[in-house]
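Per-entry structural report
The lines below spell out each chain.
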Amino acid sequence: MKILLSNDDGYQAPGIVALYDAIKDLGEVEVVAPEHNNSAKSNALTLHSPLYVHLAGNGFRYVNGTPADCVHVALTGLLGYRPDLVVSGINNGANMGDDTIYSGTVGAAMEGYLFGIPAIAFSQTQKGWSHIDAAARKARELVQQVIAQRDEGAAPWLLNVNIPNVPFEELKPFKVCRLGRRHAAEKVISQPSPHGDMMYWIGGAGPAKDDAEGTDFHATAQGHVSVTPLKVDLTDHQGLQQWSLRFANRAGN
Ligand code: MN
């Protein structure tokens, strides 16, 4: 079993160190992760400057790029083999609902998925790394399960997992659920710079808007570990017919 491990918080983040320690005996685990914090970089690739890969003292490799860069470079030449699984995280904070669009943690896993490799993105629901060893132990359970249920001929899949920051004994079972929705993000924060320009800080994510039963927000609020299978097709399948009609009517005028 060959596992590629990445994240978006950077190769020195407690989340990736804990996850590596928790799964390193489940196969050959290679870490290729960003040098610096690349949260909210989604699927971005670096096209206009070169990427460099360095080897840290602990064996992790780090890249001066985005999470997707790390997985992309690993899969297209750096590793020299095709891993069986791509794992990302554990992220410092939730990636639920609309977060998944922006998340670099999900972006790294999604890059593996787009290359046809099963992939899992792990996040803790609260920032600050409390109970990170419990989260890593729970993540190990899921990785073990997907290894045991592995089907080489099956289509690739992408799982988004959020783990509450509680002691291991207090974690309730995995719950498969859909993404919820958030309200629009908080307002941008603006302030004049010492040089007279206006500076802007992007505001925080909005609070949950759809946290009904069956969502990731609901499951994690109840203490469960949420597991949401994701897909990448952005087509509005319900809108296809409506738009076809609109263009057909336009042609007839
Ligand atoms: Mn992050």
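Described in the following lines is the structure provided in the data block. Only a predicted model underlies this, so the values are computations on that prediction, with no experimental measurement involved.

So, the overall build of the protein
Within the protein, the regular secondary structure consists of seven helices and 13 strands. Against the 2.2 N^0.38 benchmark of 18 Å for 253 residues, the protein shows a C-alpha radius of gyration of 20 Å, consistent with a compact globule. Summarising its shape, the C-alpha atoms of the protein cover approximately 65 × 55 × 40 Å along the three principal directions. Buried residues in the protein amount to 45% of all 253 residues. Here the contacts in the protein between residues at least 6 apart in sequence split such that 76% fall between residues at least 24 apart. In the structure as shown, the protein presents an accessible area of about 13,600 Å², 53% of it carried by carbon and sulfur atoms. Taking the average location of the 20 positive side-chain charges in the protein and that of its 26 negative ones, the two points are 5 Å from each other.

Looking at the coordination of the manganese ion
Summarising the metal site, the manganese ion is bound by the protein donors D8 (OD), D9 (OD), S39 (OG) and N91 (OD1), whose distances to it range over 2.1 to 2.2 Å. Donor residues for the manganese ion, ordered by position in the chain, follow D-D-x29-S-x51-N. Of this pair, D9 sits in the loop between β1 (2-6) and α1 (14-23) while S39 sits in the loop between β2 (28-34) and β3 (53-55), and the two are 30 residues apart along the sequence. For D9, a relative accessible area of 12% gives the class buried.

Some points on the packing of aromatic side chains
All chains considered together, the criterion is met by three aromatic pairs. Ring centres of Y20 and F60 lie 5.1 Å apart, and the angle between their planes is 70°; this geometry places the pair in the edge-to-face category. A residue pair is termed long-range when its members are at least 10 positions apart, and Y20 in helix α1 and F60 in the loop between β3 and β4 (61-63) qualify at 40 residues. Judged by its relative accessible area of 3%, F60 is buried. We note R246 situated over the ring of W243; from NZ or CZ to the ring centre the distance is 4.1 Å.

Points about helix α4 (residues 104-114)
The buried fraction of α4 amounts to ten of the eleven residues, a majority that puts the element mostly inside the structure. All of the buried residues in α4 are G104, T105, V106, G107, A108, A109, M110, E111, G112 and Y113. The N-capping residue of α4, defined by a side-chain oxygen 3.0 Å from the backbone nitrogen of T105, is S103. G116 sits one or two positions beyond α4 and adopts a positive phi of about 90°.

Definitions and cut-offs
- Residues numbered from 1 in each chain as written.
- Predicted model: local features only at pLDDT ≥ 70, side-chain atom pairs only at ≥ 80, totals over all residues.
- Heavy atoms only, no water.
- Helix = DSSP H or I, 4+ residues; strand = E, 2+ residues; numbered from the N terminus.
- Rg over C-alpha atoms; globule rule 2.2 N^0.38 Å.
- Buried < 20%, exposed > 50% of the residue type's maximum accessible area, 1.4 Å probe, protein only.
- Contact = heavy atoms within 4.5 Å.
- Areas by Shrake-Rupley, 256 points an atom, 1.4 Å probe, with all protein chains shown as cover.
- Lys, Arg positive; Asp, Glu negative; His and termini not counted.
- Charge placed at Lys NZ, Arg CZ, Asp CG, Glu CD.
- Donors = N, O, S within 2.8 Å, 3.2 Å for Na, K, Ca; no water.
- Phe/Tyr/Trp six-rings, centres within 6.5 Å; stacked < 30°, edge-to-face > 60°.
- Lys NZ or Arg CZ within 6 Å of the ring centre and 35° of its normal.
- Polar contact = N/O pair within 3.5 Å; in protein donor to acceptor, adjacent residues only side chain to side chain.

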